[in-house]
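Survey of secondary and tertiary structure
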Amino acid sequence: MSIHSHRRAIVYARARLKSTMAASFAVCRLRFRSLGRFDRFYLGLEPQTQRRLASTISVIKAQAGNKTAKAVTKAKENKTFQAIQEERREQAERSVLISCPPRFNEKKFLDYLSKHGTVNKHFFYSSYGAYAVVEFSSKESIASLKENTNIPAVEHEAAVPFKSRLLSLKWPGSQSNNQPVPNFQEQSPPSIGDITQLLSEKDSVDEQLQCLTEALQLTEENISLRFLVCSLLGDIAGAYFPECIIRPFGSTVNSFGKLGCDVDMILDLDGIYATSQKKGSGLSLEYQVKRGASERAVTQSILSVIGKCVDQFGPGCVGVQKILQARCPLVRFSHQPSGFQCDLTANNRVAMKSSELLFLYGQLDPRVRHLVFSVRCWARVHNITSSIPGAWITNFTLTVMVVFFLQQRNPPILPTLDQLKDLAGPSDKCVIEGNDCTIVSDLSKIILQKNTDTLEKLLQEFFEFYGNFPFNKASINIRKGKEQTKPETTALYIQNPFETTLNVSKNVNATQLERFVKLCQESAWLLQKREILNRSSSQSAESVLPWGFTALLLPSVTSGTGVKSRRKRKLEPASSRIKNLLDSLKIKGGETVAKKGSTNPSR
Ligand code: CTP
Ligand code: MG
C-alpha cells in the first residue's frame, strides 16, 4: 500500500469514527425514547407476557447502556479479530461454572470465593437449574479453589474422579424462601410473539431492524459462557494433548450469532506442530508417533477418542454423537449446564478464517448486521432455514448472500474479498492447505464509499434482488463480488470464500430454492405496495397490529403457510391482494402473536 493511500485511509478512519460516534449517540437517544413508549404499551399485557418482555427489555436496556462504552473502547483499542478471541479465551481460562441453589445470599457466596483470589466478574443465569459464571483475576485462584473442593460421595453409584471447573455450590442448612434470588441473566432468544410486539411499537422499519438485532444478538455474558464451555472441553482434550486449544468459531464469534445458536468448536492442535518445528544443526530428538493413513484418518481417530472421553468423563456433556464420516468429521453433544448444543471439529482452520471474514464484514457497517439478523429471522419464521440438517438454506448461506447483495449496491456497501486481500499486510498472509486465506486484519485500512441507503430500502431490494436472480445459470462469488457462470448443475451455487472449489450451498435442492425465491418475491411485493409500512393509528395498548418488518413474519396470506404460485398471483388484481393482506393482518394479528408466542425460532 502506498504512503498516499495509507494517509487517505487514516483520514477516512478518523472521519468514520466521528460519524459513528455521532450516529451512536443519535441511536441511543432514539432507543431510550422508544423504550419509554414501550413501557406504556407493556402495561396492557398478560402477566406471563409481561415477565418475558421484562427480561427482553432489560437485556435491550442493558445492551443499550453497554454499547456506547464498548463502541468507544473498541475504537480506541482497535483490536483485531484474533486479539478479541485471545482475550476472551484467556478470561475463560480464569473462570469457573458453578451450579447454585435457586435462592442464596450472593454476598456470602462472593465472600467465600474471594478467599481464593479477586473475583473480576460474575453473573448468574438459569438453564436446567441456576448457575454462576465466575471470572477470577488470576489462574492461581482456580488452583486454590480446586484444592478446597471435594469429589462428592455418591450413594449406590461410583464417581469418575475428574476435577473439572464445573462445580456445585453446597449451601449449609435448609433452603428457605427468605433467601434472596440473584439476578438471572436471560440466555434464550425472545419468542416471535415477543419480537412482533416489541417491533410493532417502533416508529420506522429501520428502527424495527435495529431493535431486532438488539433483541436477538448474543450478549457479552452469553459469549463469555460459550468461551467457558470451550475452555472446559479443552481441559478434557488436554488430558491427551496438553497444548491443544478448543476455540469457538461460526456464529459464536462472527458477530451474527443469535441467542440459542449452537457452539461450533475447533480442536486446535497447531500449537503442538508449531513447537515441534524447531530446527538446529546439531543433534536433535524427535517424538515417536503413530501414523495414520491420511490427515482425515488422524482427525477421525483423535475426534473418536476425545468424543468417547467427553461422553464418559465430561460432566454435563450428554447425548454425545460421533459423526466421523461427514465431509468435516465432528462430535456433537449437548452441554447441559449451559444449554448449548456443541459441534466439535478438528483440523478446520479454514472455517475459522471464514468466521473472521464475516466478523470483519459485520464491523464495516452497522447495516450489515441489521440486514443479516432480519433476513435470518424472516427465513427461520417461514421455515426457509431449519435446526434440522437437510436440503434447506442455512444461516451461513444466507449471510454470504447478504454480503454479496451489499457488494452489488451502487456505490457498494461492502468490499470484495479480493479487495480485502489486496489491503493485507505481510503479517496477514495466511495459506491453509493450499488455499490463500489472506485478508486484511486492520479495519482502518479499508476505505468505503459513501452509501446512504436506508435499511428499509436495502431489505426491499434484497428481496427484489434474490426474487429475480438467475439462479439457473449464475453462481454467487463474494471473492470477485460478481455473478459467475455456474460450474455445476446444483440448484444453488455459492462459492466458498476460501476453499474456492467448494459450494457453500451444495445441500440446497431445487424445491427449497424455489420456496426461498417465491417468498422473496412476495416480501418484495408487500414492501413495494407500502400499505404495510404504515402503522395503524387504531392500535391500542392491548392489541398492536403487525406492520413493517413484522408483517413480513406473518404466514403467507395468499395460500396458508406456503407461497402462491406466480401464475395464480397474476390473475388476481394487486388491489385485492393487498386488501386480503390487510384484512388478514387485522383479523389474525392478535391470534398469530398468541399462536406463535410459544415457539422460539431456534437458530
Ligand atoms: N461453514 C462453511 N461451509 C459450510 C457450512 C459452514 O465454511 N457449507 C463454516 C462457516 O464458517 C460457518 C461455520 O462453519 O460459520 C459453522 O457452521 P454453521 O453452524 O452451520 O453456521 P453458523 O454461521 O454458525 O450459523 P448458525 O447460527 O446457524 O449456527
Ligand atoms: Mg453454528
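Here is a short report on the structure shown in this document. Just so it is clear, the model here is predicted, and its values are computed rather than measured.

Turning to the packing of helix 15 (residues 455-467) against helix 16 (residues 510-529), a few remarks are in order. Following both chains from N to C, one finds helix 15 and helix 16 inclined at 140 degrees, their axes separated by 8 Å at the closest point. Taken together, the axes of helix 15 and helix 16 are oblique relative to one another. The interaxial crossing formed by helix 15 with helix 16 has left-handed handedness. Facing helix 15, whose interface residues are L459, Q460, F462, F463, E464, Y466 and G467, helix 16 presents F516, V517, C520, Q521, S523, A524, L527 and Q528. Of the residues belonging to the contact of helix 15 with helix 16, the class tally is nine nonpolar, five polar and one charged.

Moving on to the sheet that holds strand 8 (residues 317-323). The five strands lie next to each other as 6-7-10-9-8, forming an open sheet whose pairing is mixed. Edge strands, defined here as strands with exactly one partner in the open sheet, are strand 6 (245-249) and strand 8. The mean inter-strand angle of the sheet, taken between neighbouring strand axes irrespective of direction, is 25 degrees. As judged from the six bridges shared by strand 9 (residues 330-335) and strand 10 (residues 340-346), these two strands associate in the antiparallel manner. Directly across from F333, in strand 10, lies its bridge partner C342.

What follows deals with the nonpolar core. By size, the foremost hydrophobic cluster in this structure holds 80 residues, and its most contacted members are W378, Y466, F471, F516 and F549. Not counting chain neighbours up to four residues away, the residues in contact with W378 comprise F463, F516, L519, C520, S523, F549, L552 and L553. Of all hydrophobic cores here, the second largest spans 34 residues; its members include L228, L269, C309 and L344.

Our focus in this paragraph is the coordination of the magnesium ion (ligand 2). Distances from the magnesium ion (ligand 2) to its protein donors, D262 (OD) and D264 (OD), fall within 2.1 to 2.2 Å. Note on accessibility: D262 and D264 belong to one class, buried.

Taken as a whole and assessed by the stated rule, the structure comprises 22 aromatic pairs. Seen from their ring centres, Y125 and Y131 are 5.6 Å apart, and the 15 degrees between their planes marks the pair as stacked. Across this residue pair, the class does not change: Y125 and Y131 are buried. Pairing W378 with F516 gives two aromatic rings, centres 6.1 Å apart and planes at 75 degrees, and the pair type is edge-to-face. Residue W378 is located in helix 12 (residues 366-381), and its partner F516 is located in helix 16; the two are separated by 138 residues in the primary sequence. On the basis of relative accessibility, which here comes to 0%, the residue W378 falls in the buried class. Note on F516: relative accessible area 0%, which makes it buried. Cluster of aromatic residues (ring-pair linked, three or more members): W378, F404, F405, F462, F463, F465, Y466, F469, F471 and F516. Above the ring of F340, the side-chain terminus of R226 is found at 4.5 Å from the ring centroid.

About the thresholds
Starting afresh in each chain, residues are numbered from 1 along the sequence in its written order. Each chain gets a letter, beginning with A, and each ligand a number, beginning with 1, in the order they are written. A pLDDT threshold of at least 70 governs which residues receive local features in this predicted model, and a stricter bar of 80 or more applies before side-chain atom pairs are shown or counted, although totals over entire chains, interfaces and linings include all residues. For side-chain calculations, the full set of non-hydrogen atoms in the structure is used, while hydrogens and water are omitted. For every element, the axis is a line fit to its C-alpha atoms; helices are fit only across the contacting stretch, and the angle between N-to-C directions ranges from 0 to 180 degrees. Helix and strand labels come from DSSP, where a helix needs a run of H or I of at least four residues and a strand needs a run of E of at least two; each type is numbered from the N terminus. Angles below 35 degrees are treated as roughly parallel, those above 145 as roughly antiparallel, those between 65 and 115 as roughly perpendicular, and all remaining angles as oblique. Note on convention: the crossing is left-handed when the near helix lies turned anticlockwise from the far helix by less than a right angle, right-handed when the turn is clockwise. Residues are treated as being in contact if the distance between any of their heavy atoms lies within 4.5 Å. Charged means Asp, Glu, Lys or Arg here, nonpolar means Ala, Val, Leu, Ile, Met, Phe, Trp, Tyr, Cys or Pro, and polar covers whatever is left, Gly included. What makes two strands pair is DSSP finding at least two bridges between them. Nonpolar cores are built from buried Ala, Val, Leu, Ile, Met, Phe, Trp, Tyr and Cys residues. Side-chain atoms within 4.5 Å join them into one set. For each residue, the accessible area found with a 1.4 Å probe, counting protein chains only, is set against the maximum for its type, and the residue is called buried under 20%, exposed over 50%, and partly exposed in between. For Na, K and Ca the donor cutoff is 3.2 Å, while for all other metals N, O and S atoms count as donors only within 2.8 Å; water does not appear among the atoms, so some sites may look incomplete. What counts as a ring pair is set by centres within 6.5 Å for rings of Phe, Tyr and Trp (its six-membered ring), and what kind of pair is set by the plane angle: stacked under 30 degrees, edge-to-face over 60, tilted for all other angles. Our definition puts a charge over a ring when NZ of Lys or CZ of Arg is within 6 Å of the ring centre and also within 35 degrees of the ring normal.

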